[in-house]
Amino acid sequence: MNDSHEQAGHESAGEVPLLGLSADELLMTTRTVRRRLDLTRPVPRAVIRRAVEIAVQAPTGGNRAGWRWIVVDDPALRAEVGRVWSECAEGYLRHVPADDRMLPGARHLQRIIGSVPALVIPVIEGRPPERDLSWTAGFWGSILPAMWSFMLALRARGLGGAWTQVHLRREQEMAELLGIPYGEVTQAGLVPVAWTVGTTFKPARREPVEEILHWNEW
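Everything in this summary refers to the structure shown in the same document. Just so we're clear, the structure is a prediction, and the values are computed from it rather than from any experiment. (Residues numbered from 1 in each chain as written. Predicted model: local features only at pLDDT ≥ 70, side-chain atom pairs only at ≥ 80, totals over all residues. Heavy atoms only, no water.)

**Let's talk about the layout of surface pockets**
Moving on, step 1. As a volume, the largest pocket reaches approximately 650 Å³.
Moving on, step 2. Considered class by class, the residues forming the lining of the largest pocket number seven nonpolar, three polar and eight charged.
Moving on, step 3. Reported here for the second largest pocket is a volume of approximately 240 Å³.
Moving on, step 4. In terms of lining, the second largest pocket is formed by 14 residues, of which the most central are Trp 85, Tyr 92, Met 102, Thr 164 and Val 166.
Moving on, step 5. Where the lining of the second largest pocket is concerned, the elements lending two or more residues are α4 (75-93) and α5 (103-112).
Moving on, step 6. Here the lining of the second largest pocket gets four residues from one element, more than from any other, and that element is α4.
Moving on, step 7. The class makeup of the residues in the lining of the second largest pocket is 10 nonpolar, three polar and one charged. (1 Å grid on protein atoms, 1.4 Å probe; cavity = no way out; pocket = protein on both sides within 12 Å on 5 of 7 lines; lining within 4 Å. Points joined across faces, edges and corners; volume = space filled by probe spheres on them. Nonpolar A, V, L, I, M, F, W, Y, C, P; charged D, E, K, R; others polar. Helix = DSSP H or I, 4+ residues; strand = E, 2+ residues; numbered from the N terminus.)

**Quick look at the packing of α4 against α5**
Moving on, step 1. At their nearest, the axes of α4 and α5 sit 9 Å apart, and the two run at 155 degrees to each other. Here α4 is positioned roughly antiparallel relative to α5, judged by the angle of their axes. Every pair of crossing elements has a handedness; the one defined by α4 and α5 is left-handed. On α5, the residues touching Trp 85, Ser 86, Ala 89, Glu 90 and Leu 93 of α4 are Leu 103, Ala 106, Arg 107, Leu 109 and Gln 110.
Moving on, step 2. In the contact of α4 with α5, the residues fall into six nonpolar, two polar and two charged. (Axes fitted to C-alpha atoms, helices over the stretch in contact; angles between N-to-C directions. Parallel < 35°, antiparallel > 145°, perpendicular 65-115°, else oblique. Left-handed = near helix turned anticlockwise from the far one by under 90°. Contact = heavy atoms within 4.5 Å.)

**Re α4**
Moving on, step 1. With 19 residues, α4 extends 25 Å from end C-alpha to end C-alpha; this agrees with the ideal 27 Å at 1.5 Å per step.
Moving on, step 2. Taken together, the buried positions of α4 are occupied by Arg 78, Val 81, Gly 82, Val 84, Trp 85, Ser 86, Cys 88, Ala 89, Gly 91 and Leu 93.
Moving on, step 3. Buried-residue contacts for α4 involve β1 (67-72), α5, β2 (118-125) and α8 (171-178).
Moving on, step 4. Looking at where α4 begins, the residue whose side-chain oxygen comes 3.2 Å from the main-chain nitrogen of Ala 76 is Asp 74. (Expected span 1.5 Å × (residues − 1). Buried < 20%, exposed > 50% of the residue type's maximum accessible area, 1.4 Å probe, protein only. Polar contact = N/O pair within 3.5 Å; in protein donor to acceptor, adjacent residues only side chain to side chain.)

**Quick word on unusual backbone geometry**
Moving on, step 1. Its identity is not glycine, yet Asn 216 carries a phi of approximately 75 degrees, on the positive side.
Moving on, step 2. For Asn 216, the location among the structural elements is in the segment after α9 (209-212).

**A look at a nonpolar patch on the surface**
Moving on, step 1. A surface patch of nonpolar side chains, about 460 Å² in accessible area, is lined by Val 209, Ile 212, Leu 213 and Trp 215.
Moving on, step 2. Relative to the elements of secondary structure, Ile 212 occurs in helix α9.
Moving on, step 3. What makes Ile 212 partly exposed here is its relative accessible area of 48%. (Patch = residues over 30% accessible without salt bridge, like charges linked within 9 Å, V, L, I, M, F, W, Y side chains within 5 Å. Areas by Shrake-Rupley, 256 points an atom, 1.4 Å probe, with all protein chains shown as cover. Salt bridge = Lys/Arg side-chain N within 4 Å of Asp/Glu carboxyl O.)

**Let's talk about empty space enclosed by the protein**
Moving on, step 1. Applying the stated criterion across every chain yields a total of one cavity of 30 Å³ or more.
Moving on, step 2. Of the pockets and cavities examined, the largest cavity occupies roughly 50 Å³.
Moving on, step 3. What lines the largest cavity is simply Thr 30, Arg 31, Val 33, Met 151, Leu 154, Arg 155, Leu 159, Gly 160, Gly 161, Thr 196 and Phe 201.
Moving on, step 4. Of all elements in the fold, only α7 (144-156) and β3 (159-161) reach the threshold of two or more residues within the lining of the largest cavity.
Moving on, step 5. Each residue belonging to the lining of the largest cavity can be placed in one class, and the counts come to five nonpolar, four polar and two charged.

**Points about the side chain of His 167**
Moving on, step 1. Examined against the element boundaries, His 167 turns out to sit in the loop between β3 and α8.
Moving on, step 2. Once you skip the residues sitting within four places of it in the chain, His 167 turns out to touch Trp 85, Cys 88, Met 174, Gln 187, Gly 189 and Leu 190.

Structure follows, in structure tokens:
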């Protein structure tokens, strides 16, 4: 068996070799990937399954799981999901300043999202509580950490995703498209998933820690 066949066999079983990143490297270089998604290389379901298996080890709010993961890889359905997402993105991006450095990447993703190999929508049972802040934090704290762990698991294997939430302005329409019981579960976002073109990513530019870190008081 040649190397390419052997690699394909590992991928089909979800046994993708890890990149060998340290924990710090993984945490500091997992980016929202928009322009470096490989649209030509299929993503085996087993790879996504493994990433979800890792993701659900994330902490939850109030020790409640209640998550579900909708993976859209059917080309026709993926195109429809991409259309809804793209239309939602247009409503947002038209208000983004032309000199915003994220705009070209966002526009690129808007054009290609229906062709990304897999679109993953994490959902959580229930609807956002109309209670105090602690209940709201617990609700979202039961799915958002898992979303981030999912992206870390992808990055560790040479795949990438984009953390997006823009389609939630038409959440009910997306629910109807995918058969999600809108009144019973809440969508938390949508992550387009693909192998990345190259695996080297740099830390993002952020504010210096000295400007945001407080000791004992504001």
